[in-house]
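Breakdown of the fold
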Amino acid sequence: MPKVARVAGVAIALLWLASLALPVFTTCRPGYDHVEGWFLLAFGWWGILAYMPAWFANFGMVIVSLLLIIRGRAPIWLGILTGVIAATAWFFTDWYDDTGAVPICQYHAGYWLWLGAAAIALIAPFLPRLEKKAA
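Remember, it's a predicted structure, so these values are computed and weren't measured experimentally.

**Description of the side chain of serine 65**
Summarising the element assignment, serine 65 is placed in helix α3 (residues 57-70). Judged by relative accessible area, which is 3%, serine 65 ranks as buried. Setting aside anything within four residues of it in sequence, one finds serine 65 in contact with Gly9, Ile12 and Ala13.

**Examining the layout of surface pockets**
What the largest pocket holds in volume is close to 620 Å³. As for the largest pocket, its lining consists of 27 residues, and the residues nearest its centre are Leu40, Gly44, Met52, Phe92 and Trp95. Of all the elements in the fold, those that place two or more residues in the lining of the largest pocket are α1 (3-21), α2 (37-43), β3 (94-97) and α5 (109-123). Here the lining of the largest pocket gets five residues from one element, more than from any other, and that element is α2. Split into classes, the residues belonging to the lining of the largest pocket amount to 19 nonpolar, seven polar and one charged.

**Regarding the state of the cysteines**
Disulfide: a covalent bond connecting the sulfur atoms of a pair of cysteines. If you walk through the whole model with that rule in mind, you get one disulfide. With its sulfur 1.7 Å from that of its partner, cysteine 28 forms a disulfide with cysteine 105. Between cysteine 28 and cysteine 105 the sulfur-sulfur dihedral comes to about 125 degrees; the bridge is accordingly right-handed. Separated by 77 residues along the polypeptide, cysteine 28 in the loop between β1 (23-27) and β2 (35-36) and cysteine 105 in strand β4 (residues 100-107) bring together distant segments of the chain.

What counts and how
- Residues numbered from 1 in each chain as written.
- Predicted model: local features only at pLDDT ≥ 70, side-chain atom pairs only at ≥ 80, totals over all residues.
- Heavy atoms only, no water.
- Helix = DSSP H or I, 4+ residues; strand = E, 2+ residues; numbered from the N terminus.
- Buried < 20%, exposed > 50% of the residue type's maximum accessible area, 1.4 Å probe, protein only.
- Contact = heavy atoms within 4.5 Å.
- 1 Å grid on protein atoms, 1.4 Å probe; cavity = no way out; pocket = protein on both sides within 12 Å on 5 of 7 lines; lining within 4 Å.
- Points joined across faces, edges and corners; volume = space filled by probe spheres on them.
- Nonpolar A, V, L, I, M, F, W, Y, C, P; charged D, E, K, R; others polar.
- Disulfide = S-S within 2.5 Å.

In structure tokens form, the structure reads like this:
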């Protein structure tokens, strides 16, 4: 099994898990200081109501990571789908609560690590095929 793919799978898993433990963003309104990644994982599915499907990329990241670790390869279509859905997080500029939209003032490490995990999930399914061609 391709060693590079397994390393990429572990990297996705570690970045994703770290993003859950770290702060993701701070809004411009007091009371939402340092919203943690685990909170977004728990309640992010509500984002679909605001046309923000990025939360669904979590499933793809976990599946791609597990497939790479266990089998050494993952379907290219799954990596692309995960990356495309995760890319919608670039448009995550407002947090919605019962009072309406609250602008996000600052993104923190959890946001960037999550996007990094998504980027690796996008690229990693290609690695076993590239490694095979290089051999």
